[in-house]
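Structure at a glance
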Amino acid sequence: KQRGKANWVRFAAGMEKPAQAHAQLGGDLRRALNAGEFKLVYQPIVDLRTGRITGVEALARWIHPERGMVSPADFIPAAERSGLIVPLGRWVLRETCRQAAAWLERFGPEALEKAAPNVSIRQLHDPDFVADVRAALADSGLPPNRLVLELTESAVLRGHQVLRVLHELHEMGVRLALDDFGTGESSLSLLRAFPAAVVKLDKSFVDNIELDEPDSAAAGARQAVARAVVQLADALGLATVAEGIENQEQVERLLKLGYTVGQGYHLGRPVSSEEFTARLLDQRQRVPLVA
Ligand code: C2E
Ligand code: MG
Ligand code: MG
Ligand code: MG
């Protein structure tokens, strides 16, 4: 907490006009966290062959009293700059574990294999992070192998201290996913040092992947990257998730390329915990699990 404050002051010192808006947002975020204005929405991660839910990603939302729903694309960067991402991320982690444990208890381990909150690189630099993860798991009763931490690939992930934290989490049994895979600068070298279990193919490679235009180099390149990523993941023993699937043609194409798990509006939009519960209920009724 002290550190967050120190960072805040350092930031405020060199402040420019546009940064001032961010600073205001940063202050507002602190108030919002205390006032309980954040909530999580849940997006299914689905087996492309059967349509069954295999996992869920938790995504933060800010319900602002005047501005309404604020996108994480706006408030996560502000939270990272102000340091508030540490307490906010801690809340996301605890809430995801609590909710996932409740779903597991109600629907059983086959109905929902894992739950995935997003974790900011800033949180990995917090000295309490590993202890926070351990406590979130212990307090909720969620088994460590049911938790997948989504990290955006970044050069920063290669720092020695961060890699040590990632290996500690790995040893604890927690899984790590490389989010937005393919958009970073160091995919291959990073994968070798990083104890990842999952790579999430970025939406930008899924967009238009269904189009077959012999004259379109871009469409061909997307398919080539998607194929290369799944082959690399297979070779390294990693699972894959294709992100941002918006139609059935993309599902068919991704299946042909070797993907078996995906996520996107076509398979399910991010929804409230109540709506996600309803979807799990519906799945249980329509697709009885084989013992
Ligand atoms: P992400 O982790 O890659 O999450 C996927 C984003 O793509 C989500 O946007 C989701 O709603 C959106 N999405 C999913 N399927 C589709 C689709 O088929 N089409 C389109 N157009 N979009 C789709 P969202 O919820 O706005 O989150 C944006 C980003 O904000 C996330 O990207 C993640 O990097 C960050 N974020 C969200 N919640 C948290 C959080 O609790 N902590 C941290 N550190 N970052 C978060
Ligand atoms: Mg994510
Ligand atoms: Mg993603
Ligand atoms: Mg993303």
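Residues numbered from 1 in each chain as written. Chains lettered and ligands numbered in written order. Predicted model: local features only at pLDDT ≥ 70, side-chain atom pairs only at ≥ 80, totals over all residues. Heavy atoms only, no water.

**Section: helix 10 (residues 217–236)**
Between its first and last C-alpha, helix 10 extends 28 Å over 20 residues, near the 28 Å set by a 1.5 Å rise per residue. When we look at burial in helix 10, the residues that qualify are A219, R222, Q223, A226, V229, V230 and A233. For helix 10, the arc enclosing every buried residue in end-on projection is 125 degrees, short of the 170-degree limit, so these residues lie on one face. Of the residues in helix 10, the exposed ones pointing more than 90 degrees away from the buried face are A217 and A235. Next to the buried residues of helix 10 lie strand 6 (175–181), strand 7 (198–201), helix 9 (203–206), strand 8 (239–242) and helix 11 (248–257). Where helix 10 ends, the next residue or the one after it, G237, has phi of about 75 degrees, a positive value. (Helix = DSSP H or I, 4+ residues; strand = E, 2+ residues; numbered from the N terminus. Expected span 1.5 Å × (residues − 1). Buried < 20%, exposed > 50% of the residue type's maximum accessible area, 1.4 Å probe, protein only. Arc of directions from axis to C-beta. Contact = heavy atoms within 4.5 Å.)

**Brief notes about the environment of G89**
With respect to the secondary-structure elements, G89 resides in helix 4 (residues 85–107). For G89 and I76, which are 13 residues apart along the polypeptide, the C-alpha to C-alpha distance reads 9.7 Å.

**Remarks on the confidence of the model for the protein**
Mean pLDDT over the protein stands at 88; residues scoring 70 or higher make up 87%. Residue range residues 1–17 is modelled with pLDDT below 50. Its contacts to residues more than four positions away, or to other chains, number 14 contacts. If you check the scores for this complex, the pTM reads 0.91 and the ipTM reads 0.98. (pLDDT = per-residue confidence, 0-100.)

**Remarks on the coordination of the magnesium ion (ligand 3)**
The protein atoms donating to the magnesium ion (ligand 3) are D179 (OD), D180 (OD), E243 (OE) and E243 (OE), with metal-donor distances spanning 1.8 to 2.8 Å. We note that the donor set of the magnesium ion (ligand 3) lies within a single chain, spaced as D-D-x62-E. The distance between the magnesium ion (ligand 3) and the magnesium ion (ligand 2) is 3.8 Å, with D179 acting as a donor to both metals. Pair noted here: D180 is in strand 6 and E243 is in the loop between strand 8 and helix 11, with a separation of 63 residues, a long-range link. Given the relative accessible area of 24%, D180 is considered partly exposed. With a relative accessible area of 11%, E243 lands in the buried category. (Donors = N, O, S within 2.8 Å, 3.2 Å for Na, K, Ca; no water.)

**Considerations on the pairing of strand 2 (residues 53–64)**
For a regular strand, the rule is simple: side chains alternate between the two faces of the sheet. Across the 12 residues of strand 2, 11 count as buried, placing the element largely inside the fold. In terms of strand pairing, strand 1 (residues 38–47) meets strand 2 through nine bridges, oriented antiparallel. Within strand 2, the position partnered with F38 by the bridge is W62. The loop that links strand 1 with its antiparallel partner strand 2 comprises five residues; one of these, G51, has a positive phi angle of about 80 degrees. Of the pairings in the sheet, the one linking strand 2 to strand 4 (residues 114–117) comprises four bridges and is parallel in character. (Pairing = 2+ DSSP bridges.)

**Structural notes on the side chain of R222**
On the secondary structure map, R222 appears in helix 10. Here D207 takes part through its backbone oxygen, which lies 3.2 Å from a polar atom of the side chain of R222. Among all residues touching R222, those that are not within four sequence positions of it are S204, F205, D207, N208 and I209. (Polar contact = N/O pair within 3.5 Å; in protein donor to acceptor, adjacent residues only side chain to side chain.)

**Some points on the nonpolar core**
Membership of the largest hydrophobic core comes to 78 residues, with the highest contact counts inside it found for L166, L169 and Y259. For this core, the element with the highest residue contribution is helix 4, accounting for 11 residues. Residues within four places of L169 in sequence aside, it is in contact with F129, V130, V133, L149, V174 and L176. Among the nonpolar cores identified, the runner-up in size contains seven residues, and A116, V148, V198 and V241 belong to it. (Core = buried A, V, L, I, M, F, W, Y, C linked by side-chain atoms within 4.5 Å.)

**Quick word on the pattern of salt bridges**
Following the criterion strictly, the structure yields 14 salt bridges and no others. Across the salt bridge formed by R90 and D132, the nearest N and O atoms sit 2.9 Å from each other. Placement of R90 in helix 4 and of D132 in helix 6 (residues 129–140) is noted, with a sequence separation of 42 residues between them. The class of R90 is partly exposed, set by a relative accessible area of 24%. Linking E246 and K203 is a salt bridge whose minimum nitrogen-to-oxygen distance equals 3.9 Å. Remark: K203 occurs in helix 9 and E246 occurs in the loop between strand 8 and helix 11; sequence separation between them is 43 residues. Take E246: its relative accessible area is 40%, and that puts it in the partly exposed class. (Salt bridge = Lys/Arg side-chain N within 4 Å of Asp/Glu carboxyl O.)

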